[in-house]
Number of protein chains: 2
Amino acid sequence: MYRYKITFAYDGAGFSGFQIQPHKRTVEQTLKTAVNKIAKNPDPPLHVIGSGRTDAGVHALNQVAHFDMPYLIPDESMRKALNSILPLDILVKKAERVPNNFHARYDTHSKRYRYRVDQGEFVDPFKRLYTAHYKYPLDLAKMQRASQDLLGEHDFTSFVASGSQAQSNVRRIDDVLVRRDEINHEVIFEFEGNGFLYNQVRIMVALLLEIGNGQRPVDDIPRVLAAKDRQAARMTAPATGLYLVRVNYADSPAKNIDDC
Amino acid sequence: MYRYKITFAYDGAGFSGFQIQPHKRTVEQTLKTAVNKIAKNPDPPLHVIGSGRTDAGVHALNQVAHFDMPYLIPDESMRKALNSILPLDILVKKAERVPNNFHARYDTHSKRYRYRVDQGEFVDPFKRLYTAHYKYPLDLAKMQRASQDLLGEHDFTSFVASGSQAQSNVRRIDDVLVRRDEINHEVIFEFEGNGFLYNQVRIMVALLLEIGNGQRPVDDIPRVLAAKDRQAARMTAPATGLYLVRVNYADSPAKNIDDC
């Protein structure tokens, strides 16, 4: 068997999330069907292992997965074969042979997420599936200051949705960024870290929005972290604004893949 | 009865075009249902008259329609009432009382269309429903030169799709524009004129793309116009790239409505 790593984008609007579920259109199932078609539908079927799940409606610019193929196919041919089968809401940007011990989930070094908040007066029909809409004023400086309190290693119990199966809620955030996109009237959040709990990014964004709008004090994050209580953070920002920007592996520097 | 003019945007991806068709989700039907709900479902039902049709997949930034309401409702209340009922892929930007002799279709003075061509190497999953994809090189200067030959009054018989019910194929184009959007790697076409035949904009764009790619000479448009033969133009660009930007009426200068 030959192991391939693929890097791919998807528009999450048409999928019930990444993970296979019966009778639902999922990214994993769609990829699995394509990979098995290329492999001439072996029995038992081949599996596709993603770097991690994304929820229904969440997008990816550079998600990563691996699978094993019984035939040796040149990288570029593999990429083209997949794109010729996949629907247009998934695009394979890169396919590459990797050592058979590469694992898309276990070898993950860090991940980067982006969150887009549209500040238009109304919900823009063309952005409704690609941003969250928040029309109230936001103090960028406050959110930038507050976001620094998320950096480093913390117990993120206050930022995890019920339903998480994580054994530990300790994660490390290496980079946060809050900026305005003036052209598109958006506020953009980015987070990079060694892993994120279920709904963690969306809960962090919702809390930063409350700080930016003055509903919470700018120094509230240390208190919320210390509480280790989901009730301390309250809201979850909608799935539509969330993008998995990239997945970093020890041997694949981030610069390899275009983030946009 | 009180007549209202509404200006609205829609994401065409989820509609089988503007015009009502049985068992299809259309913009006209969706508006009609909302208007009748506000009017407490009179019998016979109220009609909604659009400025003109758009095809399945075609978008609108500022489409216009009118309807008559048995109750007098303040403009801003009407706009909010419609948006509270309408799905998020239609947004009413403005509602205004107009004289009872205003007619959204017959009083149209001119219309402006935009066409977005994505020049990325691959079909971007996030643009597949909002642009046409054309990865081959395009000579902007050639397309700009050629597009000038469309200006003025012409018989556009070579640029009309079969199925048109127009009695005359003579139309006037007042403005054409071809530019690059460097940020988004797109080429943008815009056309403003006193009316457009069925598929005319998409056929003009396809022909300009052939000129930009060197498949046709830069001075081919006068020949195609003179031929008065649909076979002379050949291709039709996809619906996904087309936007109705605005509809101008004699008494409503274009500046009233934001084009974006």
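In this text, all values refer to a predicted model and were calculated from it rather than measured experimentally. (Residues numbered from 1 in each chain as written. Chains lettered and ligands numbered in written order. Predicted model: local features only at pLDDT ≥ 70, side-chain atom pairs only at ≥ 80, totals over all residues. Heavy atoms only, no water.)

**Digging into the overall build of chain A**
No. 1: When helices and strands are tallied, chain A shows 5 helices and 10 strands.
No. 2: Taken against the 2.2 N^0.38 rule, which gives 18 Å for 260 residues, the C-alpha radius of gyration of chain A at 19 Å falls within 12% of a compact globule.
No. 3: If one aligns the C-alpha atoms of chain A with their principal axes, the spans along those axes are about 60 × 40 × 35 Å.
No. 4: In chain A, 70% of the contacts between residues at least 6 apart in sequence involve partners at least 24 apart.
No. 5: When the accessible surface of chain A is totalled, it reaches about 11,900 Å², and 50% of it is carbon and sulfur.
No. 6: Charge-centre separation for chain A: the mean point of 35 positive side chains lies 3 Å from the mean point of 31 negative side chains. (Helix = DSSP H or I, 4+ residues; strand = E, 2+ residues; numbered from the N terminus. Rg over C-alpha atoms; globule rule 2.2 N^0.38 Å. Contact = heavy atoms within 4.5 Å. Areas by Shrake-Rupley, 256 points an atom, 1.4 Å probe, with all protein chains shown as cover. Lys, Arg positive; Asp, Glu negative; His and termini not counted. Charge placed at Lys NZ, Arg CZ, Asp CG, Glu CD.)

**Considering the pattern of salt bridges**
Residues and elements named next belong to chain A.
No. 1: Summed over the entire model, instances satisfying the criterion amount to 40 salt bridges over all chains.
No. 2: Between lysine 127 and aspartate 118 there is a salt bridge, with the nearest N and O atoms lying 3.1 Å from each other.
No. 3: Aspartate 118 gets classed as buried once you look at its relative accessible area, which sits at 5%.
No. 4: A salt bridge links arginine 172 to aspartate 174; its shortest N-O distance comes to 2.6 Å.
No. 5: When salt bridges that share partners are traced, they join Arg112, Arg114, Asp175, Glu190, Glu192 and Arg246 into one network. (Salt bridge = Lys/Arg side-chain N within 4 Å of Asp/Glu carboxyl O. Buried < 20%, exposed > 50% of the residue type's maximum accessible area, 1.4 Å probe, protein only.)

**Structural notes on the pairing of strand β10 (residues 242-249) of chain A**
Residue and element names in this part refer to chain A.
No. 1: For β10, the tally of buried residues reaches 8 of 8 residues, placing the bulk of the element in the interior.
No. 2: Judged from the 2 bridges that link them, strand β3 (residues 59-69) and β10 form a sheet pairing that is parallel. When the sheet's bridge partners are listed, alanine 60 is paired in β10 with leucine 244.
No. 3: Of the strand pairs in this sheet, strand β5 (residues 108-118) and β10 are connected by 7 bridges, and their pairing is antiparallel. From the neighbouring strand, serine 110 faces β10, where its bridge partner is asparagine 248. (Pairing = 2+ DSSP bridges.)

**Quick notes on the relation of the copies chain B and chain A**
No. 1: Mapping chain B onto chain A leaves a residual RMSD of 0.0 Å; the transformation is a rotation of 180 degrees accompanied by 0.0 Å of translation along its axis. Here the transformation between the copies is reduced to the relation of a two-fold axis. (Least-squares fit on C-alpha atoms with pLDDT ≥ 70 in both.)

**Looking at the UniProt feature "domain: Pseudouridine synthase I TruA alpha/beta" (unreviewed entry) in chain A**
All names here are of chain A.
No. 1: As annotated by UniProt and renumbered to match this structure, "domain: Pseudouridine synthase I TruA alpha/beta" (unreviewed entry) occupies residues 9-107 and 146-249.
No. 2: Annotated as 23% helix and 23% strand, the span residues 9-107 places its first and last C-alpha atoms 20 Å apart.
No. 3: In residues 146-249, the share of helix is 22% and the share of strand is 31%. The end C-alpha atoms are 29 Å apart. (UniProt positions renumbered as here; feature names shortened; annotations may be inferred.)

**Quick notes on the packing of helix α4 (residues 200-212) of chain B against helix α5 (residues 220-227) of chain B**
Each pair of packed helices can be summarised by the angle the axes make with each other and by the distance between the axes.
Residue and element names in this part refer to chain B.
No. 1: Orientation of α4 relative to α5, taken along the N-to-C sense of each, is 145 degrees, at an axis distance of 11 Å. As α4 runs across α5, the sense of the crossing is right-handed. Each of Leu207, Leu208 and Ile211 in α4 lies in contact with α5, whose residues at this interface are Asp220, Ile221 and Val224.
No. 2: Of the residues belonging to the contact of α4 with α5, the class tally is 5 nonpolar, no polar and 1 charged. (Axes fitted to C-alpha atoms, helices over the stretch in contact; angles between N-to-C directions. Left-handed = near helix turned anticlockwise from the far one by under 90°. Nonpolar A, V, L, I, M, F, W, Y, C, P; charged D, E, K, R; others polar.)

**Section: the interface of chain B and chain A**
No. 1: Taken residue by residue, the interface counts 19 residues in chain B and 19 residues in chain A.
No. 2: Carbon and sulfur atoms make up 75% of the area that chain B and chain A hide from each other, which totals about 1,700 Å².
No. 3: On the surface where chain B and chain A come into contact, there are 4 salt bridges.
No. 4: In this structure, aspartate 11 of chain A and arginine 128 of chain B form a salt bridge, with 2.9 Å as the shortest nitrogen-oxygen distance.
No. 5: For the pair chain B and chain A, the number of links is 2 residue pairs in polar contact (both at pLDDT 80 or more). (Buried area = accessible area lost by both parts, 1.4 Å probe. Polar contact = N/O pair within 3.5 Å; in protein donor to acceptor, adjacent residues only side chain to side chain.)

**Things to note about the domain arrangement of chain A**
Residue and element names in this part refer to chain A.
No. 1: Domain parsing of chain A yields domain 1 (2-107) and domain 2 (111-245).
No. 2: A C-alpha centroid distance of 28 Å is found between domain 1 and domain 2.
No. 3: Taken together, the contacts link 14 residues of domain 1 with 15 residues of domain 2.
No. 4: Carbon and sulfur atoms supply 52% of the area that domain 1 and domain 2 bury against each other, a total of about 1,100 Å² over both sides.
No. 5: Three residues, Asp55, His59 and Leu61, lead the burial of domain 1 against domain 2; their summed loss comes to 46% of the area buried on that side.
No. 6: Among the ionic pairs, aspartate 55 bridges to arginine 202, the shortest N-O distance being 3.3 Å.
No. 7: For the pair domain 1 and domain 2, the number of links is 10 residue pairs in polar contact (both at pLDDT 80 or more).
No. 8: Residue classes in the side of domain 1 that touches domain 2 are distributed as 5 nonpolar, 6 polar and 3 charged. (Domains from an automatic or database assignment.)

**Some remarks on the side chain of histidine 66 of chain B**
Residue and element names in this part refer to chain B.
No. 1: Inspection of the secondary structure assignment puts histidine 66 in strand β3 (residues 59-69).
No. 2: The class of histidine 66 is buried, set by a relative accessible area of 4%.
No. 3: There is a polar contact of 2.9 Å between the side chain of histidine 66 and the backbone nitrogen of alanine 104.
No. 4: In contact with histidine 66, not counting residues within four places along its chain, are Arg3, Tyr4, Lys5, His47, Val48, Ile49, Phe102, His103 and Ala104.

**A closer look at the UniProt feature "binding site: substrate" (unreviewed entry) in chain A**
Residue and element names in this part refer to chain A.
No. 1: When the UniProt feature table is mapped onto this chain, "binding site: substrate" (unreviewed entry) is found at Tyr113.
No. 2: Note that tyrosine 113 resides in strand β5.
No. 3: By relative accessible area, tyrosine 113 is classed as buried at 9%.

**Considering the environment of serine 16 of chain A**
Residue and element names in this part refer to chain A.
No. 1: Note that serine 16 resides in the loop between β1 (2-10) and α1 (27-38).
No. 2: Counting along the chain gives 11 residues from serine 16 to valine 27, while the straight-line C-alpha distance between them is 7.9 Å.
No. 3: Not counting the four nearest positions on each side in its chain, serine 16 is found in contact with Gln21, Lys24, Arg25, Thr26 and Ala56.

**Considerations on helix α2 (residues 75-85) of chain B**
Residue and element names in this part refer to chain B.
No. 1: Turning to α2, its buried residues are Met78, Arg79 and Leu82. One face of α2 carries all of its buried residues, which in axial projection span an arc of 100 degrees. Summarising the geometry of α2, the exposed residues directed more than 90 degrees from the buried face are Lys80 and Ser84.
No. 2: Where the residues of α2 are buried, they touch β1 (2-10), α1 (27-38), β3 and β4 (90-97). (Arc of directions from axis to C-beta.)

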